[in-house]
Each structure stands twice: as C-alpha cells, then as structure tokens.
Amino acid sequence: MHWRCCCVVALFRDGVPAEDVRHGEGDALFPAGSYRSDGHRYRLTLSGSAIGNCQQNWLLAVTAIAIVIGTSIWGKGIIKIVPILLGVVGSYALAAALGEVDFSKLDEAAWIGLPIDMDRTAISVMKDPNFDLVVTSIIAIFPIAFATIMEHIGDMCAIQSTVGKNFIKEPGLHRTLCGDGLATFLASVFGAPANTTYGENTGVLNLTKVFDPAVIRLAACFAIVLSFCPKFACLIGLMPAATIGGVSLILYGMISAVGVRNLVETSVDFSSSRNVFVAALIMVVSIGVQYGTDGGVKIGSVAFSGLALAAIVGIFLNAILPDQLGMKVKSFNGKEKKYRK
C-alpha cells in the first residue's frame, strides 16, 4: 500500500505548487465543493454496508444505536464522553446473553503473541518476486490514490470545522498528507491495512467534544500494547456484525451531516451553475458507480472505484470549466442577479 505515499509525493512535486498546499489553497486543483464534502460522499457510499450489517440482527443494531444516542444526550461525566464504547459494549453483552456469540475460539487464542504474519507482509514478496504481478498491482491500485487524497482533505476540512481550528494551514496539508502516506507505507511493510484519516473520528469528536490530541496519542499507545494480545484481538473479531452496523449507521450519518455543514460554513456558492455542475457530477458518479457497477468502471485492466472516478471528474471539471458559464441566476421573485462565479 505504499502507492499512496508515492502518489502524494508525485502530486506535490509535479501537480500542485508546494506553496499552495502549505497555505491551504487546495482549490487551485481540487474543487471546493468536492473535497470539502468528500467525507459526506464517502460515507454515503458506505451506508449500504452498514445497513447490510444491521440486517443480520436488527435487535443488536438498534440496541447499539439507542445506547449511543441515550448516553450522548442524557449521560453525565465520563458516561457522556464514551457513548460509542458503551454502545458497542452494551450491544455485544446483549449478543452474548442471547447466545449469538461463539466464544470457543477465544479459549484457543494465546494471551501474548506477535501481531505480524510474515506471509502477509511486503517482505514476503521478495522471497519469490513476480515483478509482472507487482507492476500490474501498482497500475490497478494507483487510481484509488485520488479517492484517498480527496478523502484525507475532506476529513481535514470536517475535523477543522468540528474543532474550530484551521488544520489546512496549520500544520498544513503538505504535512498531514505526507504523514498519511508515510504511515501507510510503514504499515504495508508489516502487512497492516492502509492508514487513513478515518472520518468516523469526526463523528466521535462531535459526540464526545473531546478535542485534545493527547487522548488520541494515549489511545494509540493502548492499541499498540493490546495488539500483542491475540486473545483481545480474537474478542474484537467475535463482535457481531450487527453491533458494528448499528454504530456505523450513526457515525456515517454524522459524518455526512458534518460534510453538509462544512459546505455551508465555507460559503460554497451553489447559486453558481459551475459549482452545481461540478458537485452534481461528483455526487452522481461516486454513488452511481458504487451501486450501479460491479466493482467499479474498468478501463483495460484498471478498475476505477466510484470515489476515484468522481475525484478525477471533479478535478477535470474544476480545471476546464470557466469561472462564469454565461448563465444568469434568477432570484425567487424572478429578478435577474449578477453573474456568479
């Protein structure tokens, strides 16, 4: 998964002026109406998976949703800060009480062990390298980088809107994107999944109102320590899909709402025909390809996901469409207004 790091480096070196990125002027390449609501589009495309998980057991899903909402609204003190955790634990406990969880695998898991499977790491590829397969894989996966870059920028916009700080300028997109790429590169070496900014965290920030980065660092330390406990990993793996689906429904919905709020707060002008065309095609392409095709749009051996294709369409339209399309905007009373960009 080192492709993201490579793409980010190439993008900053050849595509986007470094000064524009440092000063948060991403609109030079990315349309404002797209990356500022990318989390909104991305989580809408994932809503189907959340519903699919919920359908496995709606009782567990609704229990998780009810606990999260109840503790978030009426909880006091520490209860109000951890509604997601309580929702997961409550739904999981109900599943165990109803006999929906088979804990036999938990007895077989060791207490201490390495979280690395060498056969699933990048190092194992060098044992018997197939360079044709490596090149083909890079070409096939590369377009997804556009989607993840847009997702990253969209998440940064959503988080800064929630927290009230401008992370696009400080520490700057050139640092956050580089950190994201380097983390993914390092993770791939050890066979870990791709790192991402995970917009679900935006939903957690909205619920808990805890914005201190020290909390994230502490959580990361706990995650690293617990990763050396296969028994704990097994316990997480046994969690019912419906429990995850119930929590995901709330988080995906909140992220989408934050994306819409971000568009309003940044005053994206949707009375402009240009902005409407760009946003409309991005939304339709990302969601339409997700649910209307089998794995994306294939061009040769390369399959473009809905998000990747939508990112390319948005960047292309933003670059070629003139600031003024020559269309006059009328108000509700029929009077013509000035041209809008």
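Residues numbered from 1 in each chain as written. Predicted model: local features only at pLDDT ≥ 70, side-chain atom pairs only at ≥ 80, totals over all residues. Heavy atoms only, no water.

Q: Now, about the overall build of the protein chain: what can you tell me, with residues and values included?
A: What the protein chain contains, in helices and strands, is 17 helices and 2 strands. A buried classification covers 39% of the 341 residues belonging to the protein chain. Taking the contacts inside the protein chain whose residues are at least 6 apart along the sequence as the reference set, 77% of them involve residues at least 24 apart. Of the roughly 18,800 Å² that the protein chain leaves accessible, carbon and sulfur atoms contribute 67%. (Helix = DSSP H or I, 4+ residues; strand = E, 2+ residues; numbered from the N terminus. Buried < 20%, exposed > 50% of the residue type's maximum accessible area, 1.4 Å probe, protein only. Contact = heavy atoms within 4.5 Å. Areas by Shrake-Rupley, 256 points an atom, 1.4 Å probe, with all protein chains shown as cover.)

Q: So, the state of the cysteines: which residues are in play, and what are the values?
A: Across all of its chains, the model carries 0 disulfides by this definition. Of all cysteine sulfurs, the one in Cys234 lies closest to Cys229, which takes part in no disulfide; the gap is 9.9 Å. Of the residues examined, Cys229 reaches a relative accessible area of 14% and is grouped as buried. (Disulfide = S-S within 2.5 Å.)

Q: Residues and numbers for the environment of Ile236, please.
A: Note on placement: Ile236 falls in helix α14 (residues 230-237). Exposure remark for Ile236: the relative accessible area of 43% places this residue in the partly exposed category. Along the chain, Ile236 and Tyr92 lie 144 residues apart, while their C-alpha atoms are 9.9 Å from each other.

Q: An account of the side chain of Thr71 is requested, with residue identities and associated values reported.
A: For Thr71, the position within the fold is in helix α5 (residues 58-74). Since its relative accessible area comes to 14%, Thr71 is described here as buried. A distance of 3.3 Å separates a polar atom in the side chain of Thr71 from the backbone oxygen of Val68. Thr71 has contacts with Ile79, Lys80, Pro83 and Leu86, leaving out every residue within four places of it along the chain. (Polar contact = N/O pair within 3.5 Å; in protein donor to acceptor, adjacent residues only side chain to side chain.)

Q: If you had to explain the packing of α5 against helix α7 (residues 83-97) to someone new, which residues and values would you point to?
A: Between α5 and α7, whose axes approach to 8 Å, the crossing angle comes to 145°. Here α5 and α7 pass one another in a crossing that is right-handed. Every residue of α7 that contacts α5 at Leu59, Leu60, Thr63, Ala64, Ile67, Val68, Thr71 and Ser72 is listed here: Pro83, Ile84, Leu86, Gly87, Gly90, Ser91, Leu94 and Ala95. Residues that form the contact of α5 with α7 fall into these classes: 10 nonpolar, 6 polar and no charged. (Axes fitted to C-alpha atoms, helices over the stretch in contact; angles between N-to-C directions. Left-handed = near helix turned anticlockwise from the far one by under 90°. Nonpolar A, V, L, I, M, F, W, Y, C, P; charged D, E, K, R; others polar.)

Q: Residue-level account of helix α11 (residues 168-189), with values.
A: Along α11, the sharpest kink reaches roughly 45°, centred on Arg175. Here α11 has its buried residues at Ile168, Gly172, Leu173, His174, Thr176, Leu177, Asp180, Gly181, Thr184, Ala187 and Ser188. Note on α11: the residue one or two positions beyond its end, Gly191, has a positive phi of about 80°. (Bend = angle between axes of the 7 residues up to and from the residue.)

Q: Describe the packing of aromatic side chains, naming the residues involved and giving the relevant values.
A: What the rule picks out here adds up to 0 aromatic pairs. Stacked on the ring of Trp111, the Lys or Arg Lys231 has its end atom at 5.1 Å from the ring centre. (Phe/Tyr/Trp six-rings, centres within 6.5 Å; stacked < 30°, edge-to-face > 60°. Lys NZ or Arg CZ within 6 Å of the ring centre and 35° of its normal.)

Q: So what's going on with a nonpolar patch on the surface? Residues and values would help.
A: On the surface, Phe103, Leu218, Phe222, Leu226, Phe232, Leu235 and Ile236 cluster together into a nonpolar patch covering about 600 Å² of accessible area. Of all the secondary structure elements, the ones that give two or more residues to the nonpolar patch are α13 (213-226) and α14. Structurally, the position occupied by Leu235 is in helix α14. Residue classification places Leu235 among the partly exposed positions, given a relative accessible area of 30%. (Patch = residues over 30% accessible without salt bridge, like charges linked within 9 Å, V, L, I, M, F, W, Y side chains within 5 Å. Salt bridge = Lys/Arg side-chain N within 4 Å of Asp/Glu carboxyl O.)

Q: Residues and numbers for the environment of Lys298, please.
A: Residue position: Lys298 is located in strand β1 (residues 297-299). For the pair formed by Lys298 and Ala140, sequence separation is 158 residues and the distance between their alpha carbons is 9.8 Å.

Q: Outline unusual backbone geometry, supporting the account with residue identities and numerical values.
A: In this structure, Pro171 follows Glu170 across a cis peptide bond, with omega equal to 10°. The topology assignment puts Pro171 in helix α11.

Q: Give me α5: which residues, what numbers.
A: The end-to-end C-alpha distance of α5, which contains 17 residues, comes to 23 Å, matching closely the 24 Å that a straight helix rising 1.5 Å per residue would cover. What α5 keeps buried is the set Leu60, Ala61, Thr63, Ala64, Ile65, Val68, Gly70, Thr71 and Ser72. Between a side-chain oxygen at the N-terminus of α5 and the backbone nitrogen of Leu59 the separation is 3.2 Å; the capping residue is Asn57. (Expected span 1.5 Å × (residues − 1).)

Q: How would you summarise the nonpolar core if you had to cite specific residues and measurements?
A: For soluble globular proteins, the rule of thumb is that nonpolar side chains tend to be buried together. Judged by nonpolar contacts, the single largest core of 19 residues is most densely connected at Val68, Ile84, Tyr92, Val101, Cys234, Leu238 and Val247. Contributions of two or more residues to this core are made by α5, α7 and α15 (241-265). Not counting the four nearest positions on each side in its chain, Cys234 is found in contact with Lys105, Leu106 and Ala109. (Core = buried A, V, L, I, M, F, W, Y, C linked by side-chain atoms within 4.5 Å.)

Q: Give a description of the packing of helix α16 (residues 273-292) against helix α17 (residues 306-320) that names residues and reports values.
A: In helix packing, the relevant descriptors are the interaxial angle and the interaxial distance, both defined with respect to the helix axes. One can describe the packing of α16 onto α17 by two numbers: an axis separation of 7 Å at closest approach and a directional angle of 165°. Taken together, the axes of α16 and α17 lie roughly antiparallel to each other. Note on packing geometry: the crossing formed by α16 with α17 is right-handed. Counted together, Arg274, Phe277, Val278, Leu281, Ile282, Val285, Ser286 and Val289 of α16 and Gly306, Leu307, Leu309, Ala310, Val313, Gly314, Leu317 and Asn318 of α17 form the full contact between these two elements. (Parallel < 35°, antiparallel > 145°, perpendicular 65-115°, else oblique.)

Q: Can you lay out the environment of Ser248 for me, pointing to particular residues and giving the numbers?
A: Mapped onto the fold, Ser248 is located in helix α15. For Ser248, a relative accessible area of 12% corresponds to the buried category.

Q: Tell me about the side chain of Thr121, and name the residues and values.
A: Positionally, Thr121 belongs in the loop between α8 (104-108) and α9 (131-141). Contacts of Thr121, omitting those with residues within four sequence positions, involve Ile116, Ser188, Val189, Phe190 and Gly191.

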